[in-house]
Amino acid sequence: MDNHNESSFTSHLRPPSRIVSPNRLFEMSASATNARTIDMPPPQNMNTLKRKTLAERAGEPTGRTAPAPPSSRPVNAHVRATSIAGIPRDSSLSSSVSSRQTSGAAMRNSSNSSYSSSVGTRPPSAQFYRPQSAMAAHSRIQKPVSTVGRPATSLQVHEEEPGIARALSNRKAWDHDSRLEEVENMCSQFKEKMDGATTESKSLKEIIGVYKIRITELESIRTSLSTSNTALQTDLDAIKARVAETSEALDDAKRYHNIRLDDMQRQHNRDLDDVRHNAETERRSLVRDHTEKLEDVRRTLENALEEEKISHQREVQALSTEGASTEREKEKELENQRSAFIALEKELDVLKTDVAHGREVNEQLRAKLAESATRETELETSVRRLEGHIHFLESDNKSQSQAFADLEMRMQNAIQTAAEAMDKLRTEETLRRKLHNQVQELKGNIRVFCRVRPPLESDPIDATSRIAYPDDQTDSKEVEVIGAEEKSSLGTITTKKHPFAFDRVFGPKSRNQDVFGEISQLVQSALDGYNVCIFCYGQTGSGKTFTMSASDGMIPLAVNQIYETAKSLEEKGWQYKMEGSFIEVYNEELNDLLGKANDMDKKKHEIKHDMAKGKTTITNITTVDLDAPSKVDDILQRASSNRSVASTKANERSSRSHSVFILKLIGENSITGEKSEGTLNLVDLAGSERLNHSGAVGERLKETQNINKSLSCLGDVIGALGQGKEGGHVPYRNSKLTYLLQTSLGGNSKTLMFVMISPLQAHLSETLTSLKFATKVHNTHIGTARKQTKTRDA
Ligand SMILES: Nc1ncnc2c1ncn2[C@@H]1O[C@H](COP(=O)(O)OP(=O)(O)OP(=O)(O)O)[C@@H](O)[C@H]1O
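Residues numbered from 1 in each chain as written. Predicted model: local features only at pLDDT ≥ 70, side-chain atom pairs only at ≥ 80, totals over all residues. Heavy atoms only, no water.

1. A closer look at helix H19 (residues 764-778)
Using the following cut-off: Numbered from the N terminus, helices here are DSSP runs of H or I no shorter than four residues, and strands are runs of E no shorter than two. Each helix should span, by expectation, one fewer than its residue count multiplied by 1.5 Å. Burial classification: accessible surface area is computed with a 1.4 Å probe over protein chains only, and a residue below 20% of its type maximum counts as buried, one above 50% as exposed, and the rest as partly exposed. Here, two residues are considered to be in contact whenever any of their heavy atoms come within 4.5 Å of each other.
Taking 1.5 Å of rise per residue, 15 residues should cover 21 Å, and H19 covers 21 Å from first to last C-alpha, within 8% of that figure. Of all the positions in H19, only Leu 764, Glu 766, Thr 767, Leu 768, Ser 770, Leu 771, Phe 773, Ala 774 and Val 777 are classed as buried. For H19, the elements touching its buried residues are strand S1 (446-452), strand S3 (478-487), strand S4 (493-501), strand S6 (531-538), helix H17 (698-723) and strand S14 (749-757).

2. Points about the pairing of strand S8 (residues 589-592)
Threshold: The pairing criterion is simple: DSSP has to find at least two bridges between the two strands.
Pairing of strand S7 (residues 574-586) with S8, which is carried by four bridges, proceeds in the antiparallel orientation. If you follow Ile 583 over to S8, its bridge partner there is Asp 592.

3. Let's talk about the UniProt feature "binding site: ATP" (unreviewed entry) in the protein
Quick note on the threshold: UniProt positions are given in the numbering used here, feature names are shortened, and annotations may be inferred rather than shown by experiment.
UniProt's feature table lists "binding site: ATP" (unreviewed entry) at Gly 538, Gln 539, Thr 540, Gly 541, Ser 542, Gly 543, Lys 544 and Thr 545, given in the numbering used throughout. Structurally, the position occupied by Gln 539 is in the loop between S6 and helix H13 (544-549). A relative accessible area of 6% places Gln 539 in the buried class. Residues in contact with Gln 539, not counting those within four places in the same chain, are Lys 544, Gly 687, Ser 688, Glu 689, Met 756, Ser 758, His 763, Glu 766, Thr 767 and Ser 770. A relative accessible area of 40% means that Thr 545 is categorised as partly exposed. What Thr 545 contacts, discounting residues up to four positions off in sequence, is Ala 550 and Asp 684.

4. Brief notes about empty space enclosed by the protein
The rolling of a water-molecule-sized probe over the atoms marks out the regions of remaining empty space. For clarity, the cut-off: Every definition here rests on a 1 Å grid over the protein atoms only: cavities are sets of points where a 1.4 Å probe fits but cannot get out, pockets are open sets enclosed by protein on both sides within 12 Å along at least five of seven lines, and lining residues have some atom within 4 Å of a point. Grid points are joined across faces, edges and corners, and a volume is the space filled by probe spheres set on the points. Residue classes follow a fixed rule: Ala, Val, Leu, Ile, Met, Phe, Trp, Tyr, Cys and Pro count as nonpolar, while Asp, Glu, Lys and Arg count as charged, and any other residue, Gly among them, counts as polar.
Applying the stated rule across the entire model yields two cavities of 30 Å³ or more. Put simply, the second largest cavity is a space of about 60 Å³. If you go around the second largest cavity, the residues you meet are Val 585, Tyr 586, Asn 587, Glu 588, Arg 656, Ser 657, His 658, Ala 686, Glu 703, Asn 706, Ile 707 and Ser 710. For the lining of the second largest cavity, the secondary structure elements donating two or more residues are S7 and H17. Partitioning the lining of the second largest cavity into residue classes produces four nonpolar, five polar and three charged.

5. Some thoughts on the pattern of salt bridges
The line we're drawing: The rule for a salt bridge is simple: a side-chain nitrogen of Lys or Arg has to be within 4 Å of a carboxyl oxygen of Asp or Glu.
What the rule picks out here adds up to 22 salt bridges. Across the salt bridge formed by Arg 299 and Glu 295, the nearest N and O atoms sit 3.7 Å from each other. Note that Arg 299 and Glu 295 are positioned in helix H10 (residues 176-394) at a spacing of four residues, about one turn of the helix. According to the relative accessible area criterion, Arg 299 is partly exposed, its value standing at 40%. Relative accessible area serves as the criterion here: at 29%, Glu 295 is assigned to the partly exposed category. Notably, a salt bridge pairs Arg 656 with Glu 703, separated by 2.7 Å at the nearest N-O pair. Residue Arg 656 is located in helix H16 (residues 653-656), and its partner Glu 703 is located in helix H17; the two are separated by 47 residues in the primary sequence. As far as burial versus exposure is concerned, Arg 656 and Glu 703 are alike and both buried. It is possible to trace a salt-bridge network through shared partners that takes in Glu 295, Asp 296, Arg 298, Arg 299 and Glu 302.

6. Here we look at the site of the ligand
For clarity, the threshold we go by: The near set for a molecule or strand comprises every residue that places at least one heavy atom within 4 Å of it. Any pair of nitrogen or oxygen atoms within 3.5 Å is treated as a polar contact; in protein, a donor-acceptor pairing is required on top of that, and neighbouring residues in sequence qualify only through side-chain atoms on both sides.
Close contacts around the ligand come from 14 residues, with Gly 541, Lys 544, Thr 545, Phe 546 and Ser 655 the closest. Gly 541 has a polar backbone atom sitting 2.9 Å from an oxygen atom of the ligand. Gly 543 is positioned with one of its backbone polar atoms (N or O) 3.1 Å from an oxygen atom of the ligand.

7. Considering the environment of Ala 501
Looking at the element boundaries, Ala 501 is found in strand S4. Sequence separation between Ala 501 and Lys 477 is 24 residues, and the spatial gap between their C-alpha atoms is 5.5 Å. Every residue in contact with Ala 501, bar those within four places of it in the chain, is listed here: Lys 477, Glu 478 and His 778.

8. Side note on a nonpolar patch on the surface
Convention followed: Like charges are joined within 9 Å and nonpolar side chains (Val, Leu, Ile, Met, Phe, Trp, Tyr) within 5 Å, but only among residues with over 30% relative accessible area and no salt bridge; these make up the patches. Only the protein chains shown count as covering a residue, and every accessible area follows the Shrake-Rupley method with a 1.4 Å probe.
A cluster of nonpolar side chains, Phe 392, Phe 404 and Leu 407, forms an exposed patch at the surface whose accessible area comes to about 310 Å². Tracing the chain through its elements places Leu 407 in helix H11 (residues 397-443).

9. Things to note about helix H12 (residues 512-527)
For H12, spanning 16 residues, the distance from its first C-alpha to its last is 21 Å, which sits close to the expected 22 Å at 1.5 Å a residue. Restricting attention to buried positions, one finds in H12 the residues Asn 512, Val 515, Phe 516, Ile 519, Ser 520, Leu 522, Val 523, Gln 524, Ser 525, Ala 526 and Leu 527.

10. Quick notes on the sheet that holds S3
Stated formally: Only the stretch in contact is used when a helix axis is fitted, and all axes are lines through C-alpha atoms; the angle between N-to-C directions ranges over 0 to 180 degrees.
Read from one edge of the open sheet, three strands run S2-S3-S4, paired in antiparallel fashion. Because the sheet does not close on itself, it has two edges, and the strands there are strand S2 (466-468) and S4. Pairs of neighbouring strands in the sheet enclose a mean axial angle of 25 degrees, with direction left out of account. The sheet contact formed by S2 and S3 spans three bridges and is antiparallel. If you follow Ala 468 over to S3, its bridge partner there is Glu 480. In the packing of H19 onto the sheet, the strands contacted are S3 and S4, and the crossing angle to S3 comes to about 140 degrees.

11. Topic: the environment of Ser 659
You can see Ser 659 is positioned in strand S12 (residues 658-669). For Ser 659, a relative accessible area of 4% puts it in the buried group. Residues Ser 659 and Phe 582, 77 residues apart in the sequence, show an inter-C-alpha distance of 7.2 Å. Not counting residues within four places of it along the chain, the set of residues in contact with Ser 659 comprises Phe 582, Ile 583, Glu 584, Leu 593, Arg 643, Leu 682, Val 683 and Asp 684.

Structure below.
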C-alpha cells in the first residue's frame, strides 16, 4: 500500500479556497464544507485523509452509478472498474497488462473511449468536482480482485522455462523434428505474448494520453482559480486600505470632537462660575438689604409693642378693677335668674298637669254633653210620645175602637196577601218545572254535544289535524274535520271534508264552566225528579275524565248547583236529600269506587231494578250523604285512589273501565206534599278506540272484548230506543253498563252524550269513527221523559 502511495501521482492543485466567488466554486472538499458550519480541528493523520491524486481521482468510477451485482457483471467489468490507483506501476503492471489482453479488443471496439472502459464514464465536470469526503474517496481506491484466470506472464514463462528445458532435455537428441516443432510452438507462444504486450502498451499509452488531457484541464482550472484568487486578494487589499482610511478619518473625527467637547465643557464651566458668582453677590446684597429692613421693622414693632403693652396693662388694671365689681353684680343677677327659672319650671309643671286635667275634664264634659243631648232627644221623643198617648187617651172611645179595627183589618189583609203570594209562588214553581221539562223535551231527550280538546304541551308539534267550526259565531252546532290529502288515479289532489252537526259544539278554547252552562238545565231536571244520564264518549286521551272529574268538571259543578238550588227551594217548602255513589264497570263486573280498595274486583254487586218506581239499586254499594258540597272532592279522590290501587302497569284502569257517578236526589215539599226522586248519572266511558283483538292476550284481551262489547251494546240500546216501538225489545241486559243505566236510558229519562275529540292528526280516523257514532245517537229520538212524582199520602 505504501509503495502504491509513493508511486501514485501527488496532486499539485491547492485545496479549494474558502473565498472563491460562488460562480467560480467548482470544487470544495467535505472538510472544507464542514468547516463552514462546524469548527472542526484539522485531521491528525494527514496520510489517511490525504487528498487523492489526480491519477486516483481520474481513475474513479462515477459515484452515481451503483455497481452491478457481481453475478451479473461481465468478466471485463473487473478490469473496467479497476481504478487507476489500482493499476500496478512495476511488476504488477504486467499482470494488469495481461488482464487487459483479454479485453483489449473489446476496449478498442467499444463506443466508449478507452478512458471510459478503463476508468469509467467520464463524469460531467460538475459531478466530477462534487465535494466528497476524503475517507469516501479513499474507500473507493480498492483494487478489485479479479476472478478471471490470468494469462501467463513473462515471469511465469521464466518459471516454465526449466520445465521446457526439462522437456527438451527429455527428447531424444536425434528427434530434431519434434524439438523443432516444440521450439516453433514456443516461438509462436512467445510471439503471441509479445503481441499482447504490445497491445497493452498501446492501451496504456492511450490512458496516459487521456490523463494528460485531464491534467491539462485541471491545470487550466487551477490557473483560473488562482487568477480569481489574485483578483479577490486585490479586492481584499483595496477594501482593507479603504477600511484603514476610514478608521483613520474616524479617529481624526473623534479627536476633533473630543477637543471641541473639552472646549465647550471648559467654556460652560466658566460661564457657570460667572453666573454662580453673580448670583452669590446679588444674594448677599439682597440678604443684607432684607436683614436691614427686617431689623428696622423689628425695632419699630418692638417699640409699638412696648407702647401697646404699657397701655394694655393700664387698661387691664382699670378693667380688672371695674370687672370685679361687675362680676359680682352679674353673679348676683344670675343667681336671681336661676331661682326665678326654677320657680317658673315648677309653675310650668303645675300648669301642664292643670292642662291635662282640664283636657280630661273637657272630654268628660263633652261626653256628658253628648249623652245629655241624646238623653234630651230621647226625652223629647218620649215626651212627644207620651203627649200623643195622653192626647189619644184623652180623646173619646169610639175613635179608639175604630183605630183598633182598622189595624186588625190591615193585618188580616197582609196575612191573606202573603198566603196568596206563597200559593202563587208555589204554583209558579210547579209551572216553571213543567215549562222547564217541556223545554227539555223540545230540545230532545237525547242530546249530543261535541267537545274538541286543545293540543297539549306533551303533544307533538304540528301534529294537529285541521278541524273547522263553521258556525262558531252563531249557533256553535257544526264541526268540520278536514281529512288528509288524497291523490286520485288521475293525479289530482283532493282533501275530503267531514261535516258534522250536533246540539252544541265546544271548540278547544271552551272551559268546563262553559260546558256546564249548557248542561245545568239537565241537572235542574234531576232535581225536578227526572232521571238524567250524561255520558262522555271518546277515545283515550280525548278529555273525558277532564270534562267529568276535574276540579271544575261536571261532577263537582253539578253537585254545587244542586246544593245551591236545593237551598233556594227550601223557602218554597222543598227539602232535598242527596246521596252519591261511584261505580266502576270493569270486565263486565261492578266495583264500588267508594268502598275499600282491597275489595276491588273481589266484592260482588248486583243490580236490581224496580221498574214500577223507575228505581235502580246496587247491592253492597257505599252511598255517601252529600250534605255539603265539599264532600264531592272526597268522593272523587277516594274513587281515583281506589282505581290507581287496582291498576297495573299494563293496565291503565281509568281508560279500560267505565265509571258511573250516581247522584240520587230525593225531594219533599212539606207545604204541597209533593215528593220527587231524580237520579243524575255522570258516566265516563272507557276509551272508545278500535281495539285490536289480534295483538291482545290474557287479561288485555278480556278487557278489550268487554269494552268493545259494552260500547256496542250502548249503541244497540240507543238504536232500539230510537226506533221507539212501544213495548219493543231493548237489549239492556246485553252488557253490565246498559243494564246499570236501564232506568236512566229510555222513555223516562233525559240523556246527554258528549263526544270527545282529540285534535291530533294521528287520531283522525278514531275522531271520524267517534263523530259517526255520535251522529247516530244524535239522530235517535227517545220517548218522552216521565217525572218520578208522588203526592203526599193523606
Ligand atoms: N279541554 C281541555 N283543556 C285542557 N286540557 C285537557 C282538556 N281535555 C283534556 N285535557 C288534558 O288531556 C289529557 C287527557 O285527558 P283525559 O285524561 O281527560 O282523557 P280521557 O279521555 O279521560 O282518557 P282516558 O280514557 O285514558 O281516561 C289530560 O292531561 C287532560 O288534562
